[in-house]
Structure formats: structure tokens, C-alpha cells
Amino acid sequence: MREKTAFELASLIRERKASSPEITRAFLDAAKADMAKPADDPTKINAYASIDEEAAMAQAEMVQKKIDAGEFLSPVAGVPVALKDNMCTSWGTATASSKILGGFRAPYNAGVVSKMREAGLIFLGKTNMDEFAMGSSTETSYLGITRNPWDLSRVPGGSSGGSAAATSAGLAPFALGSDTGGSIRQPCAFTNLTGVKPTYGSVSRYGLMAYGSSLDQIGPMAKDARDAAVLLSIISGKDERDSTSVMEEAFRVCDILHPEKTGAENTGMSGKRIGLPKNYFDQPGISQDVQACVYAAAETFRQLGATVEEFELPLIDYAVPTYLIVACAEASSNLSRYDGVKYGYRSPAADDIHGVYYKTRSEGFGTEVKRRIILGSFVLSSGYFDAYYKKALQVRGLIRRAFDEALTRFDMILSPTTPTVAFEIGGKIQDPLAMYLADIFTTSVNLTGLPAVAAPCGFGEGGLPVGMQIIGRAWEDPALLEAAAHYQRATDWHTRRPAAMAEGAR
Ligand code: GLN
């Protein structure tokens, strides 16, 4: 059961071959078995920050009753799902894997959570992440590292590493992550999953703990393009409580869900123009196996009828520095709310109001978060605002223009998601610059607001997964998922599962 996609599990429920409570129980038991392992057990995946067994089972019983009564909630009604620990729910805790939010219980549900409840999805729990979504390896979590189910000595990526590890190890059928500079796509690439960074403004950020508000989007992480599509269609669409939510209606993805009914199966990719940014492929530090796998994917798209053409996509050297300035500036402002008064942790050592702020923040935030708050405060300070922050906003505009221009000539841009396969635990955590530079292919997408899909396209060094990235025009998220779905009908990379799926949860 744990190897199946969400769509397959939903079919079992509809055909009365399994019930929602049975399926939920199977995933909860596997998640609990992993959580019960001691922290130093090298086979512990540590995908979850918390699970809420009672709430999940009660919800599964309730949804099953509705299904039995003939109510149609969604194509995946009754299927369980995991949430990244930075999304608010009116039950359980939400801590962004930070000490400063230890034990925090939100008083309301995030916009995406309300939509998922209506769709009859069952919430298993919250997944581990880099503290406040700052990181690329899930090593900055206050709750300890998460391991990559494909190789337990490697990182699962980050910051949504817990959602990736849970989905890939069969501890959840699929999950939600958040992506500010690659945090959905990079972990998907490292764990053989399909994920989407949706167009900015298509998915509500209400109840998502803000990191870089002009960059953050919630999106799906799944075993294939069809599961990602159905989850995206559920969470997208207008939410009055988020003033940047601008899409009136949810994305329609019928062609991806039912190609047999719509004939989409056979039309393939003919007529689609794919641009291959040549200069992305000769970046320093990019590994040959990643190059080869993404070039091979381009060839597959050509066989499916697309035209593929190489071109230069300028400004790539500016993507990471611009992203860091914008993200840290916004983070320094967003994280000022954690002051020991309003939420979570308060230092017991403080004896006056300044002490409460100073000691709470000194003790409550981890090193990476402090680094980014300091960097952000610096680039916003009066003497440096023009030289750094304002300049970054100007460069952001230029990057956006370069992508818009490319996307008038091409329907989509195909690139690697990451320069290498998953790296070793401990491999980059002492060298923040090396860690940041590995986000070279993902950060421009957030700066431009455009949608991008990450999807499996082969295996490289050490038998580890490689992911491609398909970037498209604003609001054309379904077209990108359709391309991934066409690719997945022609290939079987996405169907491979890690050995830890069978073993890890014992
Ligand atoms: N890895 C990137 C960073 O460290 C992106 C994080 C994210 O998307 N939340 O900031």
C-alpha cells in the first residue's frame, strides 16, 4: 500500500478494496515506527516533526462515511497527506522546526489546509524542515537531521526535506512543501519525486509562516505528475485572506488526471517549443551525470514531438546573490515578530523587556536563521539600502525580463534542478556559501514569480536520483505538469522506489 500513488490509493477506496481508515493506519504505523527509533539510529529517516494519530483517524472515519454516502469530495478523497511544519492547523503543533516556536499551537487553519479538508484529504502530521525554511539540506532543523531514503548517509535536500523523505520512503502518499528559492524542487530532485513551485499568487500563503513573502509559495510534492496535479488543483485558487492571492479559480488538470478520456495521451508534445539554456549546463560544479540525464530528457521530449533548441539565458550569475539579498531582507522583517511575547519560547533567564527580546532571540534561533536576519538587517540599513537592497530589486527586474523574453520564443525552459545529486550529510553545512551556490538553478524562478516543475529524469552517481526542471509562463502550471506527465508515460524513472521504503519503517 505504501508504494502506491495517492491517485491509486483513491481508486482502492472508490472500489471498496481498502478504506480510508485502513490506509491512514498503514501510513501512521510506518511513520510511528520511524519516530520511535532513537535519534542516533543511522536507519532513522526522521521525516516527521509531529504526527497527530487521533485527529487523523477521526478524520479518516468521517471522510469514509461521506464517501460511503456517495458524496464526491475530490479525486483523492480519503487519502492521507503530510504538511511541512510551517503551515498552521487548528490542531497539533506548527514550529517551523525552530526552538523559538517549540510547542506552538496555531489558532486557525492555513488557507491550503481548509481547501484540503474540503477535498477529503487526511492529515498525518507535520514534516521536518530547515529552521524557518532556511537551508538546502534539512540540517538546520532544531529537531535533528532528516535522512535521504535513497542513501541514509545523504541529505534529502531542503528546506522541505521532511516532506520529500516522507513521500519517497512511503511514510506519506504525498505532501505539501513551501518554496522560496527551491525548497520544493531541490528535495524532489534529491528523492525522485515530482514537485511544483506554482506561479506566485496562485496558492494562498494565509497561515504559511512567512520567510520571504514576495518569493514564498506552497506547492505539492508527489510520486508522479498526476498526483502533483491533483494536489495543486485542490490547493490553488482565490483566498480573500491573502492579498497576494490573485487567481480566481483553481487550476484545471483534467487532461493530466484522465488522459484516456480527453485524448491527451496521444497528442504528446507536438507543437511545443522547449528552450535549453546552454549556459546552465556548463556552470562550474555541475556534474556530468546531471548534464547527461537532462540532455537525455530533452531528447525524449524531442521524440514526443517537441522542438528543442539551445539558447543563452543571461544573468544566471546574479540569481543567488539577488535571491539572498531579497530573501534575507524580507526574513529580517518577517521574523521580528518572534520576540518571546507573542509566540512559543520565552527565555527563562530574562528579567526585563529588553532581556526578553534579546535572550529569547539569542537562545531561540539557530545559527543559519541569525545569519540571515543579520544579513537582511544590514542590506536594509540606511547606509547600504541603495547599494544592496535597491540594486537587488533592479536586478530582479532584469532577470524577470530575461525570462519573459525567453518565454516568448519558447513554451517552456528545460534545465537541471540541481548541479549534483544529493550530497553527504555534513558535506556543506560548515560552508554556507557552497550551500547557497547549489541553489543556482532554482532561485531565479522565485524572483520572477514563474511556475516550475521538478521531475525525475534518471540516476547518477551512487545510484542517486537526478531531477530536471521545467519552467514556464505565469499561470501555465498545468501545461508544465502535462509535459511532465507525457514524459512519465514514456519513461519509468518516477516509478523507482528506494530500498528504505521497504526496510526503513520496520
Ligand atoms: N535553499 C534555499 C535557501 O537556503 C531555498 C530555501 C527555500 O526555498 N525555502 O534559502
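Look a little higher up for the structure.
What counts and how
- The numbering scheme is per chain: residues are counted from 1 as the chain's sequence reads.
- Totals for whole chains, interfaces and linings use every residue, but because this is a predicted model, local features are given only for residues with pLDDT of at least 70 and side-chain atom pairs only at 80 or more, for both listing and counting.
- With hydrogens and water stripped out, all remaining heavy atoms of the structure feed into the side-chain values.
- Going along the chain from the N terminus, every DSSP run of H or I of four or more residues is numbered as a helix, and every run of E of two or more is numbered as a strand.
- Put simply, the radius of gyration uses C-alpha atoms, and a globule should come to 2.2 Å times the residue count raised to 0.38.
- We call a residue buried when its accessible area falls under 20% of the maximum for its residue type, exposed when it is over 50%, and partly exposed in between, using a 1.4 Å probe and counting protein chains only.
- We call two residues in contact whenever any of their non-hydrogen atoms come within 4.5 Å of each other.
- All accessibility values rest on the Shrake-Rupley procedure with a 1.4 Å probe; residue burial counts only the protein chains present in the view.
- Charged-residue counts in this description rest on Lys and Arg as positive and Asp and Glu as negative, His and the chain ends being excluded.
- Charged side chains are reduced to one point each, which is NZ for Lys, CZ for Arg, CG for Asp and CD for Glu.
- One side-chain nitrogen of Lys or Arg within 4 Å of one carboxyl oxygen of Asp or Glu is enough to make a salt bridge.
- In this analysis, strands are considered paired if DSSP registers two or more bridges between them.
- Only C-alpha atoms enter the line fits that serve as axes; for helices the fit covers just the stretch in contact. Angles between N-to-C directions range over 0 to 180 degrees.
- To count toward a patch, a residue needs a relative accessible area over 30% and no salt bridge; like charges are then connected within 9 Å, while nonpolar side chains (Val, Leu, Ile, Met, Phe, Trp, Tyr) are connected within 5 Å.
- We call a residue near a molecule or strand as soon as one heavy atom of that residue lies within 4 Å of the molecule or strand.
- Here a polar contact is taken to be a pair of N or O atoms separated by no more than 3.5 Å, where protein atoms must pair a possible hydrogen donor with a possible acceptor and residues adjacent in sequence count only if both atoms sit in side chains.
- Think of a 1 Å grid over the protein atoms and nothing else: a 1.4 Å probe that fits but is trapped marks a cavity, an open set flanked by protein within 12 Å on at least five of seven lines marks a pocket, and residues with an atom within 4 Å of a point count as lining.
- Think of it this way: if more than half of a molecule's atoms are within 2 Å of a pocket's grid points, that molecule is in the pocket or cavity.
- Throughout, the ten residues Ala, Val, Leu, Ile, Met, Phe, Trp, Tyr, Cys and Pro are labelled nonpolar, Asp, Glu, Lys and Arg are labelled charged, and all others, Gly among them, are labelled polar.
- Grid points are joined across faces, edges and corners, and a volume is the space filled by probe spheres set on the points.
- Buried Ala, Val, Leu, Ile, Met, Phe, Trp, Tyr and Cys residues that are joined via side-chain atoms within 4.5 Å together make up what is termed a nonpolar core.
- We call Phe, Tyr and Trp rings a pair once their centres come within 6.5 Å, taking the six-membered ring for Trp, and we label the pair stacked below 30 degrees between planes, edge-to-face above 60, and tilted otherwise.
- Here, a charge over a ring means that NZ of Lys or CZ of Arg falls within 6 Å of the ring centre while also lying within 35 degrees of the ring normal.

A. Expanded view of the overall build of the protein chain. Helix and strand counts for the protein chain come out as 20 helices and 11 strands. Here the C-alpha radius of gyration of the protein chain, 21 Å, is about what a compact globule of 506 residues would show, namely 23 Å. Projected onto the principal axes, the alpha-carbon positions of the protein chain cover approximately 70 × 55 × 45 Å. Burial statistics for the protein chain: of 506 residues in total, 61% are counted as buried. Counting contacts in the protein chain only where the partners sit at least 6 residues apart, residues at least 24 apart contribute 75% of the total. When the accessible area of the protein chain is evaluated, it comes to approximately 18500 Å², of which 53% is carbon and sulfur surface. Seen as two clouds, the 52 positive and the 58 negative side-chain charges of the protein chain have centres 3 Å apart.

B. Highlighting the pattern of salt bridges. Scanning the entire structure with this criterion turns up 22 salt bridges. Where Asp339 meets Lys342, a salt bridge forms, and the shortest distance between an N and an O atom there is 2.8 Å. Look at Lys342 and you get exposed, because its relative accessible area is 52%. Here Glu476 makes a salt bridge to Arg473, at a shortest N to O gap of 3.3 Å. Judged by its relative accessible area of 30%, Glu476 falls in the partly exposed class.

C. Summary view of the sheet that holds strand E11 (residues 464–472). The mixed open sheet is built from 11 strands, whose spatial order is E1-E3-E2-E4-E6-E5-E10-E11-E9-E7-E8. Looking at which strands have only one partner, the edges of the open sheet turn out to be strand E1 (48–51) and strand E8 (307–311). Pairwise comparison of adjacent strand axes, ignoring direction, gives a mean angle of 30 degrees for this sheet. Of the pairings in the sheet, the one linking strand E2 (residues 80–84) to strand E3 (residues 122–127) comprises five bridges and is parallel in character. Directly across from Lys84, in E3, lies its bridge partner Thr127.

D. Up close: a nonpolar patch on the surface. A surface patch of nonpolar side chains, about 420 Å² in accessible area, is lined by Val341, Ile353, Tyr357 and Tyr358. The topology assignment puts Tyr358 in helix H14 (residues 353–364).

E. Layout of the site of the ligand. Near the ligand there are 13 residues, and of these Ser136, Gly181, Ser183, Tyr323 and Arg372 occur at the shortest range. Taking Thr180, its main chain carries an N or O atom lying 2.8 Å from an oxygen atom of the ligand. At 2.9 Å from a nitrogen atom of the ligand is found a side-chain nitrogen or oxygen belonging to Asp439. Relative to its free-state accessible area of 290 Å², the ligand is covered by the protein chains to the extent of 99%. When atoms are counted within 2 Å of each cavity's grid points, the one that captures over half of the ligand is the largest cavity. For the shell around the ligand, the residue count by class is three nonpolar, seven polar and three charged.

F. Quick peek at empty space enclosed by the protein. One pass over the structure, following the stated rule, counts four cavities of 30 Å³ or more. A volume near 100 Å³ is recorded for the largest cavity. Every residue lining the largest cavity is counted, 13 residues in all, and those nearest its centre are Gly135, Ser136, Ser183, Tyr323 and Asp439. Residues of the lining of the largest cavity, tallied by class, amount to four nonpolar, seven polar and two charged.

G. A look at the layout of surface pockets. The computed volume of the largest pocket comes to approximately 360 Å³. If you go around the largest pocket, you meet 19 residues; those closest to its centre are Tyr108, Leu208, Met209, Ala210 and Arg337. Class assignment for the residues of the lining of the largest pocket results in 12 nonpolar, three polar and four charged. A volume near 290 Å³ is recorded for the second largest pocket. Contributing to the lining of the second largest pocket are 16 residues, with Leu73, Ser74, Pro75, Ser233 and Ile234 lying nearest its centre. Those elements that provide at least two residues to the lining of the second largest pocket are helix H4 (111–118), helix H7 (225–235) and helix H8 (254–257). Class assignment of the residues belonging to the lining of the second largest pocket gives a composition of 10 nonpolar, three polar and three charged.

H. Just the nonpolar core, in detail. Counting residues in hydrophobic clusters, the biggest one holds 145 residues, and the most contacted among them are Met116, Phe132, Phe174, Phe301 and Met468. Not counting the four nearest positions on each side in its chain, Met116 is found in contact with Val81, Leu83, Leu121, Phe123, Leu176, Leu231, Ile234 and Ile235. Within the second largest apolar cluster, six residues are counted, among which are Ala164, Cys188, Leu193 and Ala454.

I. Seen up close, helix H1 (residues 6–14). Within H1 the residues assigned to the buried category are Ala6, Phe7, Leu9, Ala10, Leu12 and Ile13. Contact partners of the buried residues in H1: helix H2 (20–36), helix H3 (53–68), H7 and H8.

J. Structural context of the packing of aromatic side chains. Under the defined criterion, the tally for this structure stands at 18 aromatic pairs. Ring plane angle 45 degrees and centroid distance 4.9 Å describe the contact between Phe132 and Tyr338, whose orientation is recorded as tilted. With a gap of 206 residues between them, Phe132 in the loop between E3 and helix H5 (161–168) and Tyr338 in the loop between helix H13 (316–334) and H14 connect regions that are remote in the sequence. The exposure class assigned to Phe132 is buried, which follows from its relative accessible area of 3%. Through pairs of rings, three or more aromatic residues link up here, namely Phe104, Phe132, Tyr338, Tyr343 and Phe365. Against the face of Tyr345 rests Lys99, its NZ or CZ located 4.9 Å from the ring centre. Over the aromatic face of Phe423 sits the side chain of Lys428, whose NZ or CZ is 4.9 Å from the ring centroid.

K. Expanded view of the environment of Asp404. Looking at the secondary structure, you find Asp404 in helix H16 (residues 385–409). Each C-alpha atom of the pair Asp404 and Arg361 lies 41 Å from the other, and the pair is 43 residues apart in sequence.

L. Structural context of unusual backbone geometry. Cis geometry is found at the peptide bond from Gly158 to Ser159, where omega equals 5 degrees. Residue placement: Ser159 occurs in the loop between E3 and H5. Although it is not a glycine, Trp475 sits at a positive phi angle of roughly 75 degrees. Residue placement: Trp475 occurs in the loop between E11 and helix H19 (477–490).

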